[in-house]
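One letter stands for each residue in the lines below.
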Amino acid sequence: SFSYNIVMNAYAKAGRPIEAERIFNRMPRERITTISLAHVMEAWANSDRPEASQRVASILDTMEQDVTSIRANTTTLNIAINAFSKHKTMESALSAEQLLNRMQKGYDETGDKRSRPNQFSFSSVLNCWAQIGQADRAEAILFKME
């Protein structure tokens with residue numbers, strides 16, 4: 001999976017999600033890791049394609065419904081929040097905040113640090129609200145960070 005991941009990472013950095021998914025789809029299923037899916041998600045998040053945030057959310061849903069050991073973690077969840085933040089709409093900001101709340105709830109309930117929200121998680125959601133002029137919502141996120 002290492003070589004596949006290197007190529008998908010290159011496409012992710014270039015914002016070329018179609019190519020990243022093409023490589024992903026050629027990977028042997030037993031070699032797919034959370035990192036592999038993160039690269040595909042990041043490629044979508046870094047693209048300017050209008051369907052990017054929906055595609056990232058779809059990949060995240062697949063990870064969470066999959067019965068394998070592949071699970072979303074802080075990195076993949078932050079990629080999804082970042083994808084939402086690029087759209088500068090009320091719907092995207094709500095989706096980002098819902099994801100942040102889900103991360104926090106999961107951590108509070110289980111203590112599992114693998115998907116615990118971090119500074120980037122909170123700052124990205126705060127930025128979502130600030131970008132659309134929702135200062136009160138941004139401030140609420142600020143105080144959740146403390």
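What comes next is a walk through the structure. What you are looking at is a predicted structure, and each value in this text was computed from that prediction instead of being measured. Residues take numbers from 1 onward in each chain, read along the sequence in its written order. Local features are withheld for residues below a pLDDT of 70 in this predicted model, meaning they are given only at 70 or higher, and side-chain atom pairs are given and counted only at 80 or more; totals for whole chains, interfaces and linings count all residues. With hydrogens and water excluded, all non-hydrogen atoms of the structure serve as input to the side-chain values.

1. With respect to the packing of helix 5 (residues 74–85) against helix 6 (residues 90–110)
Between helix 5 and helix 6, the shortest axis-to-axis distance is 8 Å and the interhelical angle comes to 165 degrees. Judged on the interaxial angle alone, helix 6 and helix 5 are roughly antiparallel. For the element pair helix 5 and helix 6, the recorded crossing hand is left-handed. Of helix 6, the residues touching helix 5 (which contributes Thr74, Leu77, Asn78, Ala80, Ile81 and Phe84) are Ser92, Ser95, Ala96, Leu99, Leu100, Arg102 and Met103. For this scheme, ten residues count as nonpolar: Ala, Val, Leu, Ile, Met, Phe, Trp, Tyr, Cys and Pro. Four count as charged, namely Asp, Glu, Lys and Arg, and the remainder, Gly too, count as polar. Split into classes, the residues belonging to the contact of helix 5 with helix 6 amount to eight nonpolar, four polar and one charged. A fitted line through C-alpha atoms serves as each axis, taken over the contacting stretch for helices, and the angle formed by two N-to-C directions is quoted from 0 to 180°. The helix count covers DSSP runs of H or I at least four residues long, the strand count covers runs of E at least two residues long, and both are numbered beginning at the N terminus. Here the word oblique covers every angle except those under 35 degrees (roughly parallel), over 145 (roughly antiparallel) and from 65 to 115 (roughly perpendicular). For any helix crossing, the convention is left-handed if the near helix is rotated counterclockwise from the far helix by under a right angle, and right-handed if that rotation is clockwise. Any two residues whose heavy atoms approach within 4.5 Å at even a single point are treated as in contact.

2. Comments concerning the pattern of salt bridges
We define a salt bridge as a side-chain nitrogen of Lys or Arg found within 4 Å of a carboxyl oxygen belonging to Asp or Glu. Using the criterion set out here, one finds seven salt bridges in the structure. Note that Lys105 and Glu109 form a salt bridge whose closest N and O atoms lie 3.8 Å from each other. Here Glu109 and Lys105 lie together in helix 6, a separation of four residues that amounts to about one turn. Accessibility here uses a 1.4 Å probe with only protein chains present; expressed as a share of the type maximum, an area under 20% marks a residue as buried, one over 50% as exposed, and anything in between as partly exposed. Owing to a relative accessible area of 58%, Glu109 belongs among the exposed residues under this scheme. A single salt-bridge network, built from bridges that share partners, covers Glu97, Arg137 and Lys144.

3. Some details on the environment of Ser3
The residue Ser3 is located in helix 1 (residues 2–14) in this model. In sequence terms Ser3 and Met27 are 24 residues apart; their C-alpha atoms lie 10.0 Å from each other.

4. Side note on the layout of surface pockets
The computed volume of the largest pocket comes to approximately 340 Å³. Along the walls of the largest pocket sit 16 residues, with Glu64, Arg71, Ala72, Leu77 and Ser115 positioned nearest its centre. In terms of residues, the lining of the largest pocket owes the most to one element, helix 6, which gives six residues. Per-class residue counts for the lining of the largest pocket are five nonpolar, six polar and five charged. Roughly 210 Å³ of internal volume is contained in the second largest pocket. Here a cavity means grid points, on a 1 Å grid over the protein atoms only, where a 1.4 Å probe fits yet cannot get out; a pocket means an open set of points with protein on both sides within 12 Å along at least five of seven lines; lining residues are those with an atom within 4 Å of a point. Residue lining of the second largest pocket: 13 residues in total, with Phe24, Arg29, Leu37, Ile59 and Thr62 positioned closest to the centre. Among the elements that take part in the lining of the second largest pocket, helix 4 (residues 52–65) stands out by supplying four residues, more than any other. For the lining of the second largest pocket, the residue count by class is seven nonpolar, two polar and four charged. Grid points are joined across faces, edges and corners, and a volume is the space filled by probe spheres set on the points.

5. Considering unusual backbone geometry
With phi around 55 degrees, Lys88 is a residue other than glycine that occupies positive phi space. Its location among the elements puts Lys88 in the loop between helix 5 and helix 6. Residue Lys88 is classed as exposed on the basis of its relative accessible area of 53%.

6. Here we look at the nonpolar core
Only buried residues count toward a nonpolar core. Its members are Ala, Val, Leu, Ile, Met, Phe, Trp, Tyr and Cys residues joined through side-chain atoms within 4.5 Å. Counting 39 residues, the largest nonpolar core has Met41 and Leu60 as the members making the most contacts within it. Counting residues per element, this core draws most heavily on helix 3 (residues 34–45), at seven residues. Met41 has contacts with Val56, Ile59, Leu60, Met63, Thr76, Ile79 and Ala80, leaving out every residue within four places of it along the chain.

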